[in-house]
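Descriptive structure summary
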Amino acid sequence: MTKFYHHDKPFCLELGGILPELTIAYHTYGTPDADAGNVIWVCHALTANSDVADWWPHTVEKGAFLDPERFFVVCANILGSHYGTTGPLTPDPVTGRPLYNDFPALTIADMARAHSLLADALGIKHINTLVGSSVGGFQALEWAVQEPGRFSRLILIATDAKASPWTIAIDETQRMAIKADATYGEPRDDAAMNGLAAARAIGMLTYRGPDGYNRTQQDDDSAPLSAPRRGCTYQQHQGMKLCRRYNAYSYVRILDAFDTHDIGRGRGGVEAAIKTLTMPTTVIGISSDIIFTPAEMRRLASWFPDSTYHEINSDLGHDGFLVEHRQLNKILLNNEQQD
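Applying the stated rule across the entire model yields 12 aromatic pairs. With centroids separated by 5.8 Å and ring planes inclined at 55°, the aromatic side chains of Y83 and Y246 adopt a geometry described as tilted. Residue Y83 is found in the loop between β6 (72-76) and α2 (108-121), and its partner Y246 is found in the loop between α6 (230-243) and α7 (248-259); the two are separated by 163 residues along the sequence. On the accessibility criterion, Y83 (23% relative accessible area) is partly exposed.

Pasting the structure below:
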């Protein structure tokens, strides 16, 4: 069940905005040891929530790498999200009205500081393992650099140390789709739903890539020529599916924050920042990922003083980290035994 932490003091943001107060939604699984030495903190990706067992199948279960019988697993919903943490649809404490498009700009560093705030509130001074995949990896890496002494181990999956021009271009294309919707900017929860659906369809192309689509969306040769193409109906389905559970203003704010990610900003560059992290680090790439390619993942691993690189073999692209749970569990459980 979702839990909430309420911080009744102002939370200052890196780009100058101020949240007068802050609510953080989070989930926990398992029981902490007496010294909380069994804590695993998971940082979630773009539109996920804090319920890891909901969006990461077969990872929070007995025998998996987030086994709640062995570990105390924590995941906090990120700043700006739709799922309980303060975001564009949260009522302003002064006016009582949501800020919508006036919600202040966020950075990945802000998200990491919110995680730290929650950890302190929960009395968790030390975290055994910090895990992040995709945008969650951005948060995990930023938090590790902010507070390296808090973590014993770091796991980064399908992510990078800096938003690349390629990933920023993907984000901008999605923002263009949302802002092309004439209702974008209107003060309502369901603003720009058509734009959001189009943005999600664009994103899906990069999450799965050609191999993933060609494997799963082939048309039946016996179907009438007039029948809808599966590639079309899948895109429409994915767009509307997100619209039923998310809002355009949160989506834009998080994409904007994605683009600010640069672990080397103000720290002498990416390599200099990463070389300060001496904890054992596991980096996992996906063979067909076109967002964070295997070559980029191997480069990321090479920058850490103490790292191992593994690769999930999958034709499902970036989404492989969500689908290939058998390979992921095997990698991480074997890696744990070797540490």
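What follows is about the sheet that holds strand β9 (residues 281-286). Across the sheet, 8 strands lie side by side as β1-β4-β6-β5-β7-β8-β9-β10; this open sheet has mixed pairing. Of all strands in the sheet, those bounded by a partner on one side alone are β1 (3-7) and β10 (307-312). Each neighbouring strand pair of the sheet contributes to a mean axis angle of 20°, computed without reference to strand direction. By the bridge criterion, 4 bridges tie strand β5 (residues 39-43) to strand β7 (residues 127-133) in an arrangement that is parallel. Residue pairing in the sheet places W41 in a bridge with L130 of β7. On the sheet, helix α3 (residues 135-146) packs against β5, β7 and β8 (151-157) and is oriented at approximately 140° with respect to β7. The strands touched by helix α9 (residues 294-303) are β8, β9 and β10; relative to β10, the strand with the most contacts, the crossing angle is about 165°.

To continue, consider the nonpolar core. Nonpolar side chains in soluble globular proteins tend to be buried together. Within the largest apolar cluster, 78 residues are counted, with the highest numbers of intra-cluster contacts made by W41, L154 and Y251. The greatest single-element share of this core, amounting to 8 residues, is contributed by α7. Here W41 is in contact with V74, A76, H115, L118, A119, I124, I127, T129, L130, V131 and W143, once residues within four sequence places are set aside. Grouped together as the second largest cluster of nonpolar side chains are 25 residues, W55, V131, A158 and F321 included.

Moving on, we come to the pairing of strand β4 (residues 22-29). With 7 of 8 residues buried, β4 lies mostly within the body of the structure. With 5 bridges joining them, β1 and β4 adopt antiparallel strand pairing. Across the sheet, Y5 pairs through a bridge with I24, a residue of β4.

Right, let's get into the state of the cysteines. Every disulfide links exactly two cysteines, by a covalent bond between their sulfur atoms. For the structure on display, the rule yields 0 disulfides. Of all cysteine sulfurs in the structure, the one in C75 sits closest to C43, which takes part in no disulfide; the separation is 7.2 Å. Given a relative accessible area of 0%, C75 falls into the buried group.

Another point: the packing of α2 against α3. The contact between α2 and α3 brings their axes to 8 Å, and the two run at 70°. Relative to α3, the element α2 is oriented roughly perpendicular. Here the hand of the crossing between α2 and α3 comes out right-handed. Where α2 approaches α3, its residues I108, A109, M111, A112, R113, H115, S116 and A119 are matched on the opposing element by V135, F138, Q139, E142, W143 and Q146. Looking at the contact of α2 with α3 residue by residue, the classes come out as 8 nonpolar, 4 polar and 2 charged.

Moving on, we get to α2. Every α-helix winds through 3.6 residues per turn, so residues three or four apart in the chain are directed the same way. In a regular helix each residue adds 1.5 Å, so 14 residues correspond to 20 Å; α2 covers 20 Å between its end C-alpha atoms and thus fits that length. With 10 of its 14 residues buried, α2 lies for the most part within the structure. Of all the positions in α2, only I108, A109, D110, M111, A112, A114, H115, S116, L118 and A119 are classed as buried. A positive backbone phi angle near 75° is found at G123, which sits one or two residues after α2.

Thresholds, definitions, all that
- Residues numbered from 1 in each chain as written.
- Predicted model: local features only at pLDDT ≥ 70, side-chain atom pairs only at ≥ 80, totals over all residues.
- Heavy atoms only, no water.
- Phe/Tyr/Trp six-rings, centres within 6.5 Å; stacked < 30°, edge-to-face > 60°.
- Helix = DSSP H or I, 4+ residues; strand = E, 2+ residues; numbered from the N terminus.
- Buried < 20%, exposed > 50% of the residue type's maximum accessible area, 1.4 Å probe, protein only.
- Pairing = 2+ DSSP bridges.
- Axes fitted to C-alpha atoms, helices over the stretch in contact; angles between N-to-C directions.
- Contact = heavy atoms within 4.5 Å.
- Core = buried A, V, L, I, M, F, W, Y, C linked by side-chain atoms within 4.5 Å.
- Disulfide = S-S within 2.5 Å.
- Parallel < 35°, antiparallel > 145°, perpendicular 65-115°, else oblique.
- Left-handed = near helix turned anticlockwise from the far one by under 90°.
- Nonpolar A, V, L, I, M, F, W, Y, C, P; charged D, E, K, R; others polar.
- Expected span 1.5 Å × (residues − 1).

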